[in-house]
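What follows is the residue order along each chain.
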Amino acid sequence: MIIEQLEQGVVPWQQSWKGDNTILGLPKNIVSGKSYQGINIVLLWCASLKHEYKSCEWATFKQWKEKKEPIRKGEQGNLIVYYDTFEKEIDGEVQKIPFLKSSIVFNRCQLNSYTPDVITQTDHISSLVDKIEPLDEFIANLDAIIVHRNGGACYSPSTDTVYMPMPNMFQNTETCTATEGYYSTLLHELVHWTGKSTRMNRNGGKKFGDKNYANEELVAELGAAFLCSNFGIATIEKGNHAGYIAQWLKVLKENKHTLIVAASEASKAVKFLHELYSFNLE
């Protein structure tokens, strides 16, 4: 499903949930109230894009039924996956064996009772980066070293520093404002920052084309998308859009498991940042 959307020129973790000037949050289950994690976020974002769902609320057929919310006739469910374990005796020792299970969920937009909200179209006017106070507070309490300069964005493991372009270098685009571009870029680099050996100890690779480098870039892409969704902002579209898509198509076609692993690592990185923020806030 994800490869199919990339082949159509759409990056499901980048801009697909921004429609009618609204941002979908992370998909969540209406019973537990918890957000889905890892690959399930991307799967449900893909489904939302494909079917133009405007809600981030999901549940199984049974859960909607218990809420007395019938699903429209003819609606198709959407796949999510999760791991479970069973016990098996191996060489005289009882071991827990993991296996993958799937489930089918439905979006609130698929209910008989759903009526879409009326959306008022607004234009992005300012080309300047505006402050987003909740995001500034979140970033400040991570205690990361962030240096602004006249250059590109990157994270340097040797100095443990996030380097960012000056805010006035960001401009409005068709898919996001200068403000969203600035913050989504910064969040991308902060996900890289979590990979340091003294934090989450991910192997980020050495150069472009390196397998670990590609994996780490995908972790940062997804992690930034998850964080942007948390704060209700769009992610910046890459300059060479076609080349960017071609790069990920090559990686994912060579090993489809790459996306599953990267999505899991991205969720862990986001959790780490939120926990670090809460710890420093105390």
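Here the structure is shown first, and the text comes after it.
Presented here is a report on the structure given in the accompanying data block. As the structure is a computational prediction, the values presented were derived from the model and not from experiment.

Below, the discussion takes up the overall build of the chain. Secondary structure summary: the chain contains eight helices and nine strands in total. Put simply, 69% of the contacts in the chain that link residues at least 6 apart link residues at least 24 apart. Surface exposure of the chain reaches about 15600 Å², of which carbon and sulfur atoms provide 52%.

Below, the discussion takes up the sheet that holds strand S5 (residues 78–90). Strand pairing in a sheet relies on backbone hydrogen bonds, with the paired strands running either antiparallel or parallel. Across the sheet, which stays open at both edges, the four strands sit in the order S3-S4-S6-S5 with mixed pairing between neighbours. Looking at the sheet topology across the chains shown, the edges are occupied by strand S3 (28–29) and S5. Across 13 bridges, the pairing between S5 and strand S6 (residues 93–107) is antiparallel. Within S6, the residue paired with Leu79 across the bridge is Ile104.

What follows is about the packing of aromatic side chains. Counting across every chain of the model gives eight aromatic pairs. Arranged with centres 6.4 Å apart and planes meeting at 65 degrees, the rings of Phe61 and Phe106 form a pair that is edge-to-face. One end of the pair, Phe61, is in helix H3 (residues 61–66); the other, Phe106, is in strand S6, with 45 residues separating them in the sequence. Take Phe106: its relative accessible area is 9%, and that puts it in the buried class. Through a chain of ring-to-ring contacts, the aromatic side chains of Phe138, Phe231 and Tyr277 assemble into a single cluster.

A word on the sheet that holds strand S9 (residues 161–165). Taken together, three strands build an open sheet; the order of strands is S7-S9-S8 and the sheet is mixed. Of all the strands in the sheet, just strand S7 (145–149) and strand S8 (154–156) have a single pairing partner and so form its edges. This sheet shows a mean twist of 25 degrees between the axes of neighbouring strands, independent of strand direction. Of the strand pairs in this sheet, S7 and S9 are connected by five bridges, and their pairing is parallel. Bridging from a neighbouring strand, Arg149 pairs with Pro165 of S9. Lying over the sheet, helix H5 (residues 178–194) contacts S7, S8 and S9, oriented at roughly 160 degrees with respect to S9.

Residues Tyr83, Leu100 and Ile260 make up a contiguous nonpolar surface patch of about 330 Å² in total accessible area. Structurally, Leu100 can be placed in strand S6.

It is at 10 Å that the axes of H5 and helix H8 (residues 257–281) come closest, and there the two elements cross at 90 degrees. Classified by the interaxial angle, the pair formed by H5 and H8 is roughly perpendicular. Contacts between H5 and H8 involve Leu190, Val191, Trp193 and Thr194 from the former and Ala269, Phe272, Leu273 and Leu276 from the latter. Split into classes, the residues belonging to the contact of H5 with H8 amount to seven nonpolar, one polar and no charged.

With two bridges connecting them, strand S4 (residues 57–59) and S6 associate as antiparallel partners. Within the sheet, the bridge partner assigned to Ala59 lies in S6 and is Phe106. What sits between S5 and S6 in their antiparallel hairpin is a turn of two residues, with Asp91 showing a positive phi close to 55 degrees.

Conventions we followed
- Residues numbered from 1 in each chain as written.
- Predicted model: local features only at pLDDT ≥ 70, side-chain atom pairs only at ≥ 80, totals over all residues.
- Heavy atoms only, no water.
- Helix = DSSP H or I, 4+ residues; strand = E, 2+ residues; numbered from the N terminus.
- Contact = heavy atoms within 4.5 Å.
- Areas by Shrake-Rupley, 256 points an atom, 1.4 Å probe, with all protein chains shown as cover.
- Pairing = 2+ DSSP bridges.
- Phe/Tyr/Trp six-rings, centres within 6.5 Å; stacked < 30°, edge-to-face > 60°.
- Buried < 20%, exposed > 50% of the residue type's maximum accessible area, 1.4 Å probe, protein only.
- Axes fitted to C-alpha atoms, helices over the stretch in contact; angles between N-to-C directions.
- Patch = residues over 30% accessible without salt bridge, like charges linked within 9 Å, V, L, I, M, F, W, Y side chains within 5 Å.
- Salt bridge = Lys/Arg side-chain N within 4 Å of Asp/Glu carboxyl O.
- Parallel < 35°, antiparallel > 145°, perpendicular 65-115°, else oblique.
- Nonpolar A, V, L, I, M, F, W, Y, C, P; charged D, E, K, R; others polar.

Keep in mind these values describe shape, not function.
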